[in-house]
Each structure stands twice: as structure tokens, then as C-alpha cells.
Amino acid sequence: MPLQPEHTAKFLDEDVDLKFKSELLELLSERIDRLCFKDCEIDRIQCTLTPLCTQRFLINLRIKNGLTLNDLPKFCYKVHRDVIERYFWHKTVIYKPFDTYLYLIDFFSVYFRGDYRALNKFFSKGDFKGARKIFNDRINNRDENFRYLLTKEYDFMIFKYDEKIHVCFINENYALCNANREKIPDLKLLFGVSKLFAQIYFPEVKLKLIPDECVEITTFIPKDMLSSISNEEPKDEDSKRDTYIWNVLPNDLDVLSQFCKEINIFVDRKQNLAIKLSIAVKAKLRYRDLRLVFNILFRLYNDFYVLHILN
């Protein structure tokens with residue numbers, strides 16, 4: 001039986017001489033470089049249509065590890081950028097570029113064409129006031145459908161463009177485009193994404209960052225709405241709110257438990273029912289997981305809190 005990938009992975013996990021591991025990793029790096037710079041790019045049609053690494057994940061690997069443009073196969077990176085741009089403009093692409101990385105200047109050239117040089121200059125100098133002016137002008141005067149949030153310590157800028165999430169890693173000088181299956185690496189980033197969605201969809205929900213532990217998200221079912229819920233399991237003709245509390249909420253809480261460190265349900269001082277979610281990044285939380293969490297919060301907020309205000 002030939003050597004299998006799992007044999008290599010097992011070897012690297014074992015407590016063996018570092019010299020052997022270094023030699024194996026060097027052989028792997030040499031093979032990757034030969035694939036990227038020779039085997040794939042030598043045929044530009046193949047590189048464009050059927051790259052030798054799935055969805056150009058080796059480009060992501062290089063960018064995320066701090067390599068510069070000079071360390072990348074330049075033609076492949078150009079195609080990589082073009083695929084992201086075509087997808088953004090709803091043009092035909094060979095694959096959907098989820099969880100892809102670009103250098104910041106190229107991210108701005110794709111999503112903010114015409115202002116990318118100014119934005120790159122502002123970001124390189126840490127002039128976020130100037131960058132905000134450009135973003136706000138696009139939102140207010142050009143009717144562009146995006147929202148953004150800059151985290152408190154200027155580590156991340158998060159964009160929600162239509163239904164897609166993009167994250168600028170400011171200190172690292174790269175951006176994650178169309179975040180989906182990628183894991184959320186930082187608690188401050190998790191708090192930023194949560195805060196941006198809260199501002200858009202459920203502004204009265206409470207958010208709290210507990211450093212090195214979790215993000216707390218607390219939503220409420222007002223006491224007046226709670227008292228109107230039937231004491232018996234609803235029939236088909238009963239209200240949607242009764243059906244939700246009796247039949248759907250337990251399932252939603254079960255879904256939330258998969259992504260939460262802890263869920264607390266209690267009656268607060270105003271006799272409202274509070275649902276507090278404690279979410280950590282150690283659980284290998286992905287961006288798509290957050291969408292499930294936010295969808296449930298959005299439903300609770302609109303079906304109970306907003307209706308309570310309207311009534």
C-alpha cells in the first residue's frame with residue numbers, strides 16, 4: 001500500500017525528532033512551490049479553468065501566512081482576484097469564491113472601485129476618519145447596499161455587502177471575502193460581527209464582550225407578551241406566537257446550544273423573560289454558524305419585542 005495522506009498527518013502529530021519533521025515539511029513546501037510556480041502556471045488556460053489546487057486554496061495559505069505578492073504565483077493571483085470580482089458583479093464563475101483572501105488594496109479595488117487608492121492610503125496610515133467618509137458617501141449618496149463596522153481597537157473592519165460578510169484584517173493587510181465556512185479566530189472579531197448584525201436587525205438586543213471568555217447576547221420576551229401566551233399547547237388555529245413558544249423555541253434553543261458555551265433563561269427585574277447566549281470562539285465557530293444564531297435572534301426580536309412596542 002502506498003503512503004497515504006493520513007500517514008503523513010499522523011507522523012507530524014507524533015513525538016519524533018524535529019529534524020525529521022522539518023525535512024518532511026521542506027519536501028512538502030518544495031512540492032507546493034513546484035505545483036504553483038511551474039506545473040499550474042505553465043498552462044494559463046488550465047490555471048484559469050482547472051487550477052491544480054481546489055479553488056486556489058494555496059493562494060489563501062500564502063496570504064494568511066504573511067507572504068507578499070512577490071511570493072505568490074502572480075497570474076494565479078490575478079485570476080483569483082478576477083473570480084471574486086466577477087462573483088461580486090453576479091457574473092458567471094467556475095466556482096463560488098467563498099472564504100477567499102485578498103490583499104487589502106485588491107479588496108478595495110473589487111468592492112469599492114474608484115476609491116480603492118484613497119482607501120488603501122487611509123488604511124495604511126490608520127486614517128479611518130477619511131475611510132469612513134468614503135464609505136458613508138457611498139451609502140448615503142450612491143445607494144450602495146452595504147453596512148460596515150470598525151472594531152474598537154482598529155483590528156478589524158467588517159462589511160455586510162448584500163448578504164455576504166467580508167472582513168478586513170487591518171494589521172495583517174488582507175481581507176477575507178464571502179466568509180462562510182472559515183472559523184472565527186478572534187473574540188473581538190466575533191463581537192464586531194455580532195454588533196454589526198445587531199445594529200441592522202435587532203438593535204435593542206444587549207451585547208457584552210467578556211475578554212478572553214465569550215460574547216454575551218441577551219434578548220427579551222417582554223412580560224406583556226409573555227403573559228399573553230396560552231398556558232396550553234396550541235391548536236392549529238391558535239396564534240403564531242403560541243405555536244412558536246410551545247413547539248419551535250425548544251428546537252431553536254437546541255440549535256443554539258451547539259454554538260453556545262452557555263444558555264441562561266431567567267426572569268429579569270422587570271419581569272421580562274431574558275435569554276442570554278454566551279458564545280466563545282474556542283468552539284471553532286464558523287461565520288455560517290453565526291447566521292443561524294442571528295436568524296433565531298431576529299425572529300425572537302421581531303415576533304415578540306417589536307410587536308410589543310407596536311402594541
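None of these values were measured; they are calculated from a predicted model.

Chemist: Please give an account of the overall build of the protein that cites residues and values.
Modeler: Within the protein one finds 12 helices and 9 strands. In terms of principal-axis extent, the alpha carbons of the protein reach across some 70 × 55 × 40 Å. The buried share of the protein, reckoned over its 311 residues, is 43%. Counted over contacts in the protein with a minimum sequence separation of 6, partners at least 24 positions apart contribute 54%. For the protein, the exposed surface amounts to about 18,200 Å²; the carbon and sulfur share of it is 51%. Looking at the protein, you have 49 positive and 46 negative side-chain charges, and the mean spots of the two groups are 6 Å apart.

Chemist: Can you break down the sheet that holds strand 1 (residues 100-103) residue by residue, with the values?
Modeler: Overall, antiparallel pairing links the 5 strands, which are arranged 1-5-4-3-2 in an open sheet. At either margin of the open sheet sits one strand with a lone partner, and together these are strand 1 and strand 2 (146-150). Going across the sheet, the axis of each strand differs from the next one's by a mean of 20°, ignoring polarity. By the bridge criterion, 6 bridges tie strand 3 (residues 156-161) to strand 4 (residues 164-169) in an arrangement that is antiparallel. Among the inter-strand pairings, K160 is bridged to a residue of strand 4, identified as I165. Along the sheet, helix 4 (residues 57-64) makes contact with strand 1 and strand 5 (174-177), crossing strand 1 at roughly 50°. Helix 6 (residues 104-111) rests against strand 1, strand 3, strand 4 and strand 5 of the sheet, and its axis sits at about 105° to strand 1.

Chemist: So what's going on with a nonpolar patch on the surface? Residues and values would help.
Modeler: Together, I45, L49 and I94 make up an exposed nonpolar region whose accessible area comes to about 330 Å². Among the secondary structure elements, I94 is positioned in the loop between helix 5 (74-88) and strand 1. Given the relative accessible area of 56%, I94 is considered exposed.

Chemist: I'd like a rundown of the packing of helix 6 against helix 7 (residues 116-125), residues and numbers included.
Modeler: Where helix 6 contacts helix 7, the axes come no closer than 8 Å and their chain directions differ by 145°. At the point where helix 6 passes helix 7, the crossing takes the right-handed sense. Between helix 6 and helix 7, the residues in contact are L104, I105, F108 and S109 and Y116, L119, N120 and F123, respectively. Of the residues belonging to the contact of helix 6 with helix 7, the class tally is 6 nonpolar, 2 polar and no charged.

Chemist: Go over helix 8 (residues 128-141) with me, naming the residues and quoting the values.
Modeler: Each α-helix turn comprises 3.6 residues. Residues three or four places apart therefore point the same way. For helix 8, with 14 residues, the first-to-last C-alpha span of 19 Å sits near the 20 Å given by 1.5 Å per residue. For helix 8, the set of buried residues is F128, G130, A131, I134, F135 and R138. Residues of helix 8 that are buried make contact with helix 6, helix 7, strand 2 and strand 3. A positive backbone phi angle near 55° is found at D143, which sits one or two residues after helix 8.

Chemist: Describe the side chain of K21, naming the residues involved and giving the relevant values.
Modeler: Topologically, K21 is positioned in helix 2 (residues 18-40). The buried charged residue K21 lacks any salt bridge, with D15 as its nearest oppositely charged partner at 6.1 Å. One polar contact links the side chain of K21 to the main-chain carbonyl oxygen of E14, over a distance of 2.9 Å. Discounting residues that sit within four places of it in the chain, K21 has contacts with F11, L12, D13, E14 and V16.

Chemist: So, the sheet that holds strand 6 (residues 206-210): which residues are in play, and what are the values?
Modeler: Two strands in a sheet stick together by hydrogen bonds in their backbones, pointing the same way (parallel) or opposite ways (antiparallel). Strand order across the open sheet formed by 4 strands is 6-7-9-8, with antiparallel pairing between neighbours. Since the sheet does not close on itself, it has two edges, and those belong to strand 6 and strand 8 (262-267), each with one partner. Averaged over all adjacent pairs, the angle separating strand axes in this sheet is 20°, with direction ignored. Contacts between helix 9 (residues 187-201) and the sheet are confined to strand 6, strand 7 (214-221) and strand 9 (273-279), with strand 6 contributing the most and set at about 170° to the helix. On top of the sheet, helix 11 (residues 240-257) reaches strand 7, strand 8 and strand 9; it is set at about 145° to strand 8, its chief contact.

Calculation criteria
Residue numbers here run from 1 along each chain, matching the order of that chain's written sequence. Only residues with pLDDT of at least 70 are given local features in this predicted model, and only at 80 or more are side-chain atom pairs given and counted; all residues enter the totals for whole chains, interfaces and linings. Here the side-chain values reflect all heavy atoms present in the structure, with hydrogen atoms and water set aside. Under the scheme used here, helices are H or I runs from DSSP no shorter than 4 residues and strands are E runs no shorter than 2 residues, and both carry numbers assigned from the N terminus. The classification of residues rests on relative accessible area computed with a 1.4 Å probe and restricted to protein chains. Under 20% of the type maximum is buried, over 50% is exposed, and intermediate values are partly exposed. We call two residues in contact when some of their heavy atoms are within 4.5 Å. Only the protein chains shown count as cover for residues, and all accessible areas are computed by the Shrake-Rupley method using a 1.4 Å probe. By the counting rule applied here, Lys and Arg register as positive and Asp and Glu as negative, while His and the ends of each chain are not counted. For this purpose, a charge sits on NZ of Lys, CZ of Arg, CG of Asp or CD of Glu. Two strands make a pair as long as DSSP finds a minimum of two bridges between them. Where helices are involved, their axes are fitted lines through C-alpha atoms of the stretch in contact, as for all axes, and angles between N-to-C directions lie from 0 to 180°. What makes a patch is a set of residues exposed beyond 30% relative accessible area and free of salt bridges, joined within 9 Å when like-charged and within 5 Å when nonpolar (Val, Leu, Ile, Met, Phe, Trp, Tyr). Here, a salt bridge means any Lys or Arg side-chain nitrogen found within 4 Å of an Asp or Glu carboxyl oxygen. Rotating anticlockwise by less than a right angle from the far helix to the near helix defines a left-handed crossing, while the corresponding clockwise rotation defines a right-handed one. For this scheme, ten residues count as nonpolar: Ala, Val, Leu, Ile, Met, Phe, Trp, Tyr, Cys and Pro. Four count as charged, namely Asp, Glu, Lys and Arg, and the remainder, Gly too, count as polar. To estimate the expected span of a helix, subtract one from its residue number and multiply by 1.5 Å. Pairing of N or O atoms within 3.5 Å defines a polar contact, subject to two protein rules: one partner must be a possible hydrogen donor and the other a possible acceptor, and residues neighboring in sequence count only if both atoms are side-chain atoms.

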